[in-house]
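What the coordinates show
These are the residues of each chain, in order.
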There are 2 protein chains.
Amino acid sequence: MADNMIRVFGHTNPDTDSISCAITMANLQNQLGREAQSFRLGEINKETQYALNTFDLKEPELLSNIDSNTNVIMVDNNEFSQSLPGIENAHIQMVVDHHRLNLQTAEPVYCIAEPVGCASTIMYKLYKQDDVSITPKMAGIMLSAIISDTLMFKSPTCTEQDKITAERLAKIAGINLYDYGYKLLEAGTDISNFTGLEIINVDSKDFKHNNLKLTISQINSSNLEDVFKRKTEIEQAIEQRIQEENIDLFVFLATDILEANSKAIVLGNRIDIFERAFNTKLISNTTLLKGMVSRKKQILPAIIETLEQKIRI
Amino acid sequence: MADNMIRVFGHTNPDTDSISCAITMANLQNQLGREAQSFRLGEINKETQYALNTFDLKEPELLSNIDSNTNVIMVDNNEFSQSLPGIENAHIQMVVDHHRLNLQTAEPVYCIAEPVGCASTIMYKLYKQDDVSITPKMAGIMLSAIISDTLMFKSPTCTEQDKITAERLAKIAGINLYDYGYKLLEAGTDISNFTGLEIINVDSKDFKHNNLKLTISQINSSNLEDVFKRKTEIEQAIEQRIQEENIDLFVFLATDILEANSKAIVLGNRIDIFERAFNTKLISNTTLLKGMVSRKKQILPAIIETLEQKIRI
C-alpha cells in the first residue's frame, strides 16, 4: 500500500450509510481528479445489497488491514475503536461523520461533522459545495442511506435537512421515494435463512457503564410476528452470548418499520434496570416499547439515566 | 448562566485569531437570528489590541468560568486542556478549528476543521455559505487574524486559501494589505515595557514527550537586536521557569517577521537534543535558525523526530 491512493471506508459491520459514504466519497474525489477507492470493513447486509442491486453498483472491496501512512478518508465514523486496527498510524486526510466525536489526530485534518440523521446527507452537501454533479446512481445510494438511517424519517435522529435532501435525491435517482423506501427497509428484514445467533448479531452493540455490561441488539421488521415466531431460538442465542460474554443485560429490539414501535426481548441478571428505565413489566421476557425506534437517542439514554439515578439514591 | 445564549470563545492565552473567530462567529450567529456573545479566555495582546483599535471593535468580555449545560461554540481550538475548566460539561454546539483534533463529545456536534493557516479563513467561508454579508469591521479583524497566524503568508502553515481570503478581506475592509499587515505585526513586537518573564510568556507552550519536559516560547520581532538587548533578563527568566517547573529543554524563539528567520535562546539540561535536531552548536546559548518560523510545523517536529531517533538507537 505504498501508493498515493486514498482509501475511503466507514465503520466495521457496515450499514447502508457506511457503504454509501464510501462509494460517493471515492467518486467525489475521483471527480475532483484524485485517486481514491471505496472499501468496506465487513460483509454487506441484505438491505445494502438491495440498494446496490437497484442502482447497479458494485460492492466495495473488503479491506482487512492497513499500512501506516496510507492515505485514508473516514466516513460515517470517527472512532478508532470502530475502524480498522492500525488506523491510528494511517494518514487521515478527511473525516465526514454524524456521530459523537472521539478522535485524536497528530496533524490538523479536514473534518466535517454535523448532527444530522445520516452521513450521506453531508455527502450531498459536499457534492454541491464542490460543484460536482450527482449521477442517478450516486443519488440512489445516498437516498438509500438516508431512508435506512432515519427509518424513513421516523427516527428521532432525523432532521429537516435529511428529509429535504432525500426528496431531492429521489428526483435525481428518478424513483418514488416511499415505494422504494419501504422495499429497501423490507429487504433488510428478511431473517428467514438466519440462525438465532445471526439474527441477534445483525446489528449488535456492546456498552459498559458503571461495571454493567449491556448489549443492545436491533433488527428491523415489517411484521413483528415473523420475528417472534423465532422467539425460542432468539432467546437461546441471547442466553449463549450472556454466558460466553458475561453480559448483565441483553436487550433485543425488533423494530416495526411501519408502526415505528419496537418489541423487546430482554434477558440477563439485571432486567430490573430495563423494567425501571421503561416503567414496564416484562411478560415472558418481552414488552412493547411504543414509539421507540432509536438505540442511540431513546433506548440507551433511558437505561443510562436509570443507572445514574441508582447511584444517586 | 441558565440562559440560552451561545458563548463563543477561542483558546486560553488568546491570540488575534481566537479573538477574531469569537467576534465574527458571535456576529454570524446574531445575523442568523441566534443569541450569541463573544468572550475571551485571557488578556488581549498588543497585536490584537492594535487590530481592535484599527477597526473600532470592542474587546470581548473575559470569561473565567462556565456552568454545565451552557451553550458554547469553540473556535480556533478543540482541546479541553486549552479551554476553560468545566468545558467538558458544557453543551458544545459547534467547533471551528484548524489545529489537530483532540475532542471527545457525548453527542454529535457540528464541527468544521480544516488544515488551513488560520481559523478565520474558515469563518470567511461560513459567512459565504450562510449568505451573510461581511462588514468592513468583520473583514478587518478576520484579515488581521490571517496576517497574524501566517506571519504575512510566510509561515509554512499558510495555504493558498488563506492568501486568497486575505486579499478579498482587504478589499472589503478597504485597506492596503501589506501596509496594514506590517504595522499589525510590528504592534505585536513591542516588548519595551515587559519584564523578562513577560517576554518569554507572551506565547509559551509546554509539551511532554517520552518524559522530556519541553517548553517552546516564541515572540515576533521586526528587529532582533531589540530583543537581544534584553538577553540577560530573558535568560534569567528562562532559568527561573526551568527551576520552578523542572523543564528539561527551554527554547525561546525571536522570530524576524521581515526576514522569516528565528534566533533562538536555548537553556536546560538537554540542549544536546536541540543541537542535534537542528545540526547546530549553540554559542552563548544562542543560534540562528534560517527560514524557521513555525513552532507547530518546523521546530516541534524536528525536536520530536530527534527524540524518536534516540529511542531507535
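The paragraphs below set out a description of the structure included in this document. Note that the coordinates shown come from a computational prediction; the quantities given were computed from them, not determined experimentally.

Observations regarding the overall build of chain A
Helix and strand counts for chain A stand at eleven helices and twelve strands. In terms of overall size, chain A behaves like a compact globule, its C-alpha atoms giving a radius of gyration of 20 Å where 313 residues would be expected to give roughly 20 Å. With the principal axes as the frame, chain A shows a C-alpha extent of 60 × 45 × 35 Å. Taken across its 313 residues, chain A has 56% of its residues classed as buried. Surface summary for chain A: the accessible area is close to 13,800 Å², and the carbon and sulfur share equals 46%. A distance of 5 Å separates the average location of the 31 positive side-chain charges in chain A from that of its 42 negative side-chain charges.

Observations regarding the side chain of Ser221 of chain B
Position of Ser221 of chain B among the secondary structure elements: in strand β9 (residues 212-221). If we ignore the near neighbours within four places in the chain, the residues touching Ser221 of chain B are Thr189, Val227, Thr255, Asp256 and Ile257 of chain B.

Re the interface of chain B and chain A
Residue-level contacts link 20 residues of chain B with 20 residues of chain A. Taken together, the links from chain B to chain A amount to zero salt bridges. Secondary-structure elements contributing two or more residues to the side of chain B that touches chain A are β6 (100-108), β7 (110-113) and α3 (119-129) of chain B. No other element matches the nine residues that β6 of chain B contributes to the side of chain B that touches chain A. Of the residues contributing to the side of chain B that touches chain A, the split by class is ten nonpolar, six polar and four charged. Relative to β6 of chain B, strand β6 (residues 100-108) of chain A runs antiparallel, the two sharing five bridges. Across the sheet, residue Gln104 of chain A finds its bridge partner in β6 of chain B, namely Asn102 of chain B.

Describing the packing of aromatic side chains
Aromatic ring pairs are described here by two measures, namely the spacing of the ring centres and the angle between the planes. All names here are of chain A. The tally for this structure, following the rule as stated, stands at eight aromatic pairs over all chains. Taking the centre distance of 6.2 Å and the plane angle of 75° together, the rings of Phe153 and Tyr178 count as edge-to-face. Here Tyr178 lies in helix α6 (residues 177-187) and Phe153 lies in the loop between α4 (136-150) and α5 (160-173), a separation of 25 residues in the sequence. Accessibility expressed as a relative area gives 14% for Phe153, which makes it buried. Each ring, one from Phe274 and one from Phe278, has its centre 4.8 Å from the other, and the planes form 45°; the classification is tilted. Residue classification places Phe274 among the buried residues on the basis of a relative accessible area of 0%. For Phe278, a relative accessible area of 12% translates into the label buried. Here a set of aromatic residues connected by ring pairs shows up, and it is made of Tyr50, Phe55 and Tyr180. Positioned above the aromatic ring of Phe228, the side-chain terminus of Lys263 is 4.4 Å from the ring centre.

A few points about the pairing of strand β10 (residues 249-256) of chain A
Residue and element names in this part refer to chain A. In terms of burial, β10 is largely enclosed, as eight of its eight residues are buried. The alternating pattern of β10 places Leu249, Val251, Leu253 and Thr255 on one face and Phe250, Phe252, Ala254 and Asp256 on the opposite face, and all of these are buried. Pairing of strand β9 (residues 212-221) with β10, which is carried by eight bridges, proceeds in the parallel orientation. Note on β10: the bridge partner recorded for Ile216 is Val251.

Concerning the relation of the copies chain B and chain A
When chain B is fitted to chain A, the best match, at an RMSD of 0.2 Å, comes from turning it 180° and sliding it 0.2 Å along the axis. Expressed as an axis order, the relation between the two copies is that of a two-fold axis. Using C-alpha coordinates, one finds that chain B approaches the rotation axis most closely at Ile112 of chain B, a distance of 2.5 Å. A share of 100% of interface residues in chain B that are also interface residues in chain A marks the association as one of identical surfaces.

Thoughts on the environment of Gln243 of chain B
For Gln243 of chain B, the position within the fold is in helix α9 (residues 231-245). Separated by 25 residues in the primary sequence, Gln243 of chain B and Gly268 of chain B have C-alpha atoms spaced 9.3 Å apart.

Details of the sheet that holds strand β8 (residues 204-209) of chain B
Residues and elements named next belong to chain B. One open sheet accounts for five strands, arranged β8-β9-β10-β11-β12; its pairing is mixed. If you trace the sheet from one side to the other, it starts and ends with β8 and β12 (286-289), each paired once. When strand polarity is set aside, the average angle formed by the axes of neighbouring strands in this sheet is 25°. As defined by bridge partners, strand β11 (residues 261-267) adjoins β12 across four bridges and the pair is classed as antiparallel. Its bridge partner being in β12, Ile265 is matched across the sheet by Thr286.

A short note on unusual backbone geometry
Residue and element names in this part refer to chain A. Phi at Asn13 is positive, roughly 50°, even though this residue is not glycine. Relative to the helices and strands, Asn13 resides in the loop between β1 (6-9) and α1 (16-31). Residues other than glycine seldom take positive phi values, yet Met152 does so here, at roughly 55°. Relative to the assigned elements, Met152 resides in the loop between α4 and α5.

As for the sheet that holds β7 of chain B
Spatial strand order, β3(A)-β2(A)-β1(A)-β4(A)-β5(A)-β7(A)-β7(B)-β5(B)-β4(B)-β1(B)-β2(B)-β3(B): twelve strands in an open sheet with mixed pairing. If you trace the sheet from one side to the other, it starts and ends with β3 (61-62) of chain A together with β3 (61-62) of chain B, each paired once. Sheet analysis places strand β2 (residues 36-40) of chain B next to β3 of chain B, joined by two bridges and oriented parallel. Each bridged residue has a counterpart across the sheet, and for Arg40 of chain B the counterpart in β3 of chain B is Leu62 of chain B. Contacts from α1 of chain A reach β1, β2 (36-40), β4 (71-75) and β5 (91-97) of chain A, with the element oriented near 170° to β2 of chain A. Along the sheet face, α3 of chain B touches β7 (110-113) of chain A together with β5 (91-97) and β7 of chain B and points at about 110° away from the line of β5 of chain B.

Thoughts on the packing of α1 of chain A against helix α3 (residues 119-129) of chain A
Residue and element names in this part refer to chain A. For the pair α1 and α3, the least separation of the axes is 9 Å and the interaxial angle reads 15°. When the interaxial angle is binned, α1 and α3 end up roughly parallel. In this structure, α1 meets α3 at a crossing whose hand is left-handed. On the side of α1, the interface is formed by Asp17, Ser20, Cys21, Thr24, Met25, Asn27 and Leu28, while α3 contributes Ala119, Ser120, Met123, Leu126 and Tyr127.

Cut-offs applied
- Residues numbered from 1 in each chain as written.
- Chains lettered and ligands numbered in written order.
- Predicted model: local features only at pLDDT ≥ 70, side-chain atom pairs only at ≥ 80, totals over all residues.
- Heavy atoms only, no water.
- Helix = DSSP H or I, 4+ residues; strand = E, 2+ residues; numbered from the N terminus.
- Rg over C-alpha atoms; globule rule 2.2 N^0.38 Å.
- Buried < 20%, exposed > 50% of the residue type's maximum accessible area, 1.4 Å probe, protein only.
- Areas by Shrake-Rupley, 256 points an atom, 1.4 Å probe, with all protein chains shown as cover.
- Lys, Arg positive; Asp, Glu negative; His and termini not counted.
- Charge placed at Lys NZ, Arg CZ, Asp CG, Glu CD.
- Contact = heavy atoms within 4.5 Å.
- Salt bridge = Lys/Arg side-chain N within 4 Å of Asp/Glu carboxyl O.
- Nonpolar A, V, L, I, M, F, W, Y, C, P; charged D, E, K, R; others polar.
- Pairing = 2+ DSSP bridges.
- Phe/Tyr/Trp six-rings, centres within 6.5 Å; stacked < 30°, edge-to-face > 60°.
- Lys NZ or Arg CZ within 6 Å of the ring centre and 35° of its normal.
- Least-squares fit on C-alpha atoms with pLDDT ≥ 70 in both.
- Axes fitted to C-alpha atoms, helices over the stretch in contact; angles between N-to-C directions.
- Parallel < 35°, antiparallel > 145°, perpendicular 65-115°, else oblique.
- Left-handed = near helix turned anticlockwise from the far one by under 90°.

Function cannot be inferred from these measures alone, as they are strictly geometric.
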